[in-house]
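What the coordinates show
Chain by chain, the residues run as shown.
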Amino acid sequence: MTVRKAVIPVAGFGTRFLPATLSVPKNALPVFDMPSIHFCVEEAARAGIEEIVFIVSKNQEAIPRYFEALPELERALEARGSVSTLDMVRRIGSLAKITCVAQTEQKGLGHAVLMARDAVGDEAFAVFLPDDVIWSERPTIGGMIEAHQRTGGFAVAVKEVADEAVPNLGIVDVGGESGRSPRIVGMVEKPSLEDAPSNLAIIGRYVLGAEIFETLENVEPGALGEVQLTDGIAAHLERPGVFGYRFEGEHHDVGTPLGMLKASIAAALKRDDLGDDLRAWMDGLRTAPRAAGF
Ligand code: G1P
């Protein structure tokens, strides 16, 4: 069966991005000229997902508003003959049906996903963590939906990471299996390096069955005292089975200011109209750090 809905938790204070997040929700902050939330919604739409369920907290109206159609702006652009800008605005306004569910308490990622239970209903669904931006020709979630259809199990995106990153992430054990979709035999959230079964980390893309909701109702708080999605998924290793998905493409973690800055620079460098100017300015920075920019 095809996957029609995606859950995207965006609640959270965005403390790493204070003071910007006093006025702008974290995932509305731009990666160069696109709010970071744009990328996963576009990835979902490219994979045929029709409805996005945002899990939001207070003052996050800017996130769903970004995806609303704006007839007035469209008329103004039409009158000006700004064809390509008009196309872009229209496309963003029609990427997906948007639903918002309020998360009043912040008890962890597993709890956030549980909030989507009624909106998702009894069908397999995708989860995106919007701090993980993946640029690739083929949408990562599309490949994961195929893996889910092939195996009948849950799918979790995974990537090899450096030792320093291990204690901040969910880590899986695939028993040394290589290949794109290895079966996961163990998973643990934010282990110490000594306890980690591998360096293969969960990246924020999941395809899950509706049975996860029942499980999440009963998951005890785990790492950081929070209800962890990883712990809920780990209860399904036997049934229906959980499979890793080694994705292709360029991954950026925009959940930290440095990661956000790198992604912004990477996005700008790809632009035909200003990539060369930016590159030249960066070369100048390297050779004359104090003089650059003046
Ligand atoms: C979450 C997940 C973790 C995963 C990570 C990927 O952690 O709990 O398993 O590895 O996202 O970005 P968080 O970043 O919310 O601490």
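As a starting point, this report considers the structure included with it. (Residues numbered from 1 in each chain as written. Predicted model: local features only at pLDDT ≥ 70, side-chain atom pairs only at ≥ 80, totals over all residues. Heavy atoms only, no water.)

**Some remarks on helix α11 (residues 257-269)**
Because an α-helix completes one turn every 3.6 residues, residues spaced three or four positions apart along the sequence face the same direction. Taking 1.5 Å as the rise per residue, α11 with 13 residues should run 18 Å; its terminal C-alpha atoms sit 18 Å apart, in good agreement. Within the span of α11, buried status applies to Gly259, Met260, Ala263, Ser264, Ala266, Ala267 and Ala268. Against the buried residues of α11 lie β2 (30-31), β7 (132-135), β13 (250-253) and α12 (275-287). (Helix = DSSP H or I, 4+ residues; strand = E, 2+ residues; numbered from the N terminus. Expected span 1.5 Å × (residues − 1). Buried < 20%, exposed > 50% of the residue type's maximum accessible area, 1.4 Å probe, protein only. Contact = heavy atoms within 4.5 Å.)

**Let's talk about the site of the ligand**
Residues in contact with the ligand, as listed here, are Leu109, Leu129, Asp132, Leu169, Gly170, Glu189, Lys190, Ile202, Tyr206, Gln228 and Thr230. A distance of 2.8 Å separates an oxygen atom of the ligand from a polar atom in the side chain of Asp132. A class-by-class count of the residues in the shell around the ligand yields five nonpolar, three polar and three charged. (Near = heavy atom within 4 Å. Polar contact = N/O pair within 3.5 Å; in protein donor to acceptor, adjacent residues only side chain to side chain. Nonpolar A, V, L, I, M, F, W, Y, C, P; charged D, E, K, R; others polar.)

**A short note on the side chain of Gln228**
With respect to the element layout, Gln228 can be found in the loop between α8 (211-218) and α9 (229-234). When residues no more than four places from it in sequence are discounted, the contact partners of Gln228 are Gly110, Glu189, Leu216, Val219 and Ala223.

**Brief notes about the environment of Ala28**
Looking at where Ala28 falls in the secondary structure, it is placed in the loop between β1 (5-9) and β2. Sequence separation of Ala28 and Ile63 is 35 residues, and the distance between their C-alpha atoms is 6.0 Å. Contacts of Ala28, omitting those with residues within four sequence positions, involve Pro35, Ala62 and Ile63.

**Here's the deal with the nonpolar core**
Judged by nonpolar contacts, the single largest core of 34 residues is most densely connected at Phe125, Tyr206, Leu208 and Ile233. Secondary structure elements with two or more residues in this core: β4 (51-56), α5 (109-114), α6 (117-120), β6 (125-128), β8 (154-160), β11 (200-208), α8 and α9. If you tally residues by element for this core, the top one is β11, at four residues. In this structure Leu208 touches Ala124, Phe125, Val127, Phe154, Leu229 and Ile233, once residues within four positions along its chain are discounted. By size, the runner-up hydrophobic cluster in this structure holds 32 residues, among which are Ala28, Cys40, Val41 and Ile203. (Core = buried A, V, L, I, M, F, W, Y, C linked by side-chain atoms within 4.5 Å.)

**A closer look at the packing of α11 against α12**
Interaxial distance between α11 and α12 falls to 8 Å at its minimum, and their mutual angle equals 130 degrees. In terms of orientation, α11 and α12 fall into the oblique class. Across the interface between the two elements, Ile265, Ala268 and Leu269 from α11 touch Gly275, Leu278, Arg279 and Met282 from α12. Taken together, the residues of the contact of α11 with α12 break down into five nonpolar, one polar and one charged. (Axes fitted to C-alpha atoms, helices over the stretch in contact; angles between N-to-C directions. Parallel < 35°, antiparallel > 145°, perpendicular 65-115°, else oblique.)

**A few points about the pattern of salt bridges**
Tallying each qualifying case throughout the model produces 19 salt bridges. Between Lys5 and Glu123 there is a salt bridge whose closest N-O contact spans 3.9 Å. In this pair, Lys5 is assigned in strand β1 and Glu123 in the loop between α6 and β6, connecting sequence segments 118 residues apart. Since its relative accessible area comes to 11%, Lys5 is described here as buried. The class for Glu123 is buried, based on a relative accessible area of 12%. Salt-bridge contacts for Arg180 lead to Glu248; the nearest nitrogen and oxygen are separated by 2.7 Å. Linking Arg180 in the loop between β9 (170-173) and β10 (186-189) with Glu248 in the loop between β12 (242-246) and β13, this pair joins segments that are 68 residues apart in sequence. A network of salt bridges, in which partner residues are shared, links Arg4, Lys5 and Glu123. (Salt bridge = Lys/Arg side-chain N within 4 Å of Asp/Glu carboxyl O.)

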